[in-house]
Amino acid sequence: MSAIYTFDVFSTLDGYGNHTGDWGGYWGKQGPEFLEHRFAQYSEEQRLVFGAATFRDNLEMAAAFPGAFEEAGSWITQLRNLPATVVSNTLEGPVDWPDATIATGGAVEVITRLKQESDVPLRSHGSVALNRALLAAGLVDRIQVTVIPVITGKTGATRIFDGVPDFDLALLESRTLDGNLQELIYQPTLHN
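These numbers come from a predicted model, not from an experiment.

Visitor: So what's going on with the sheet that holds strand E4 (residues 84–87)? Residues and values would help.
Guide: The strand order E5-E4-E3-E6-E1-E7-E10-E9 describes an open sheet built from eight strands, whose pairing is mixed. The open sheet has two edge strands with one neighbour each: strand E5 (100–103) and strand E9 (167–177). Across this sheet, the average inter-strand angle for adjacent strands is 25 degrees, counted without regard to direction. Examined bridge by bridge, E4 and E5 share four bridges and lie parallel to one another. Paired with Val-86 across the bridge in E5 is Ile-102. In this fold helix H2 (residues 52–64) packs onto strand E3 (47–51), E4, E5 and strand E6 (122–125), with an angle of close to 105 degrees to the strand it touches most, E3.

Okay, here's the thing in structure tokens:
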């Protein structure tokens, strides 16, 4: 049986996964319900999957803000303490991450193997380039999008789904957090 792979991403209403403005983390829209929900999701048994660039970003953030990655009750702390596979042909270990394994090779090859071998679900938070390739290869079973209620036409960076094939999406779950964030979980099917 193949492990379920979830692409977990934050997105502005206009489809950006990041910004160059002064919005701050989560575009300043996080609240206690959102943070508690994320903590619960990242407390579940699972294996994280990172692309090299996102993993390097997380390493830099952990070094710059160590308290954020060690705070009790934080989903970021949970994220850091989960076993992780980093797909990279350029990154070399050891890395300052508790349970990270570097897997060399192509993303499709690595994730195909990992889906077959893993006895726990797989989750990738961010890693947009990696997940674009995995979507195109049909390896993403769930897309979890947390819609941030902002439009970042001037400061938006990293359009999440640019360049991927067309997909039909079946809504599996939805919830509103803190009265303004939407979490949507879809099952993607390649559109013919």
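Having seen it, we continue.
Visitor: Break down H2 for me, with residues and values.
Guide: In this model, H2 (13 residues) spans 18 Å end to end at C-alpha, consistent with the 18 Å of a helix rising 1.5 Å per residue. What H2 keeps buried is the set Ala-52, Thr-54, Phe-55, Asn-58, Leu-59 and Ala-62. Viewed along the axis of H2, the buried residues span an arc of 165 degrees, placing them on a single side of the element. Exposed positions of H2 whose direction lies more than 90 degrees from the buried face are Ala-53 and Glu-60.

Visitor: Residues and numbers for the packing of helix H4 (residues 107–117) against helix H5 (residues 128–136), please.
Guide: Viewed as axis vectors pointing N to C, H4 and H5 meet at an angle of 75 degrees, and their least axial separation amounts to 10 Å. By the criterion of interaxial angle, the relationship of H4 to H5 is roughly perpendicular. In contact with Ala-107, Val-108 and Ile-111 of H4, H5 contributes Leu-130, Ala-133 and Leu-134. Partitioned by chemical class, the residues of the contact of H4 with H5 number six nonpolar, no polar and no charged.

Thresholds, definitions, all that
Residues numbered from 1 in each chain as written. Predicted model: local features only at pLDDT ≥ 70, side-chain atom pairs only at ≥ 80, totals over all residues. Heavy atoms only, no water. Pairing = 2+ DSSP bridges. Helix = DSSP H or I, 4+ residues; strand = E, 2+ residues; numbered from the N terminus. Axes fitted to C-alpha atoms, helices over the stretch in contact; angles between N-to-C directions. Contact = heavy atoms within 4.5 Å. Expected span 1.5 Å × (residues − 1). Buried < 20%, exposed > 50% of the residue type's maximum accessible area, 1.4 Å probe, protein only. Arc of directions from axis to C-beta. Parallel < 35°, antiparallel > 145°, perpendicular 65-115°, else oblique. Nonpolar A, V, L, I, M, F, W, Y, C, P; charged D, E, K, R; others polar.

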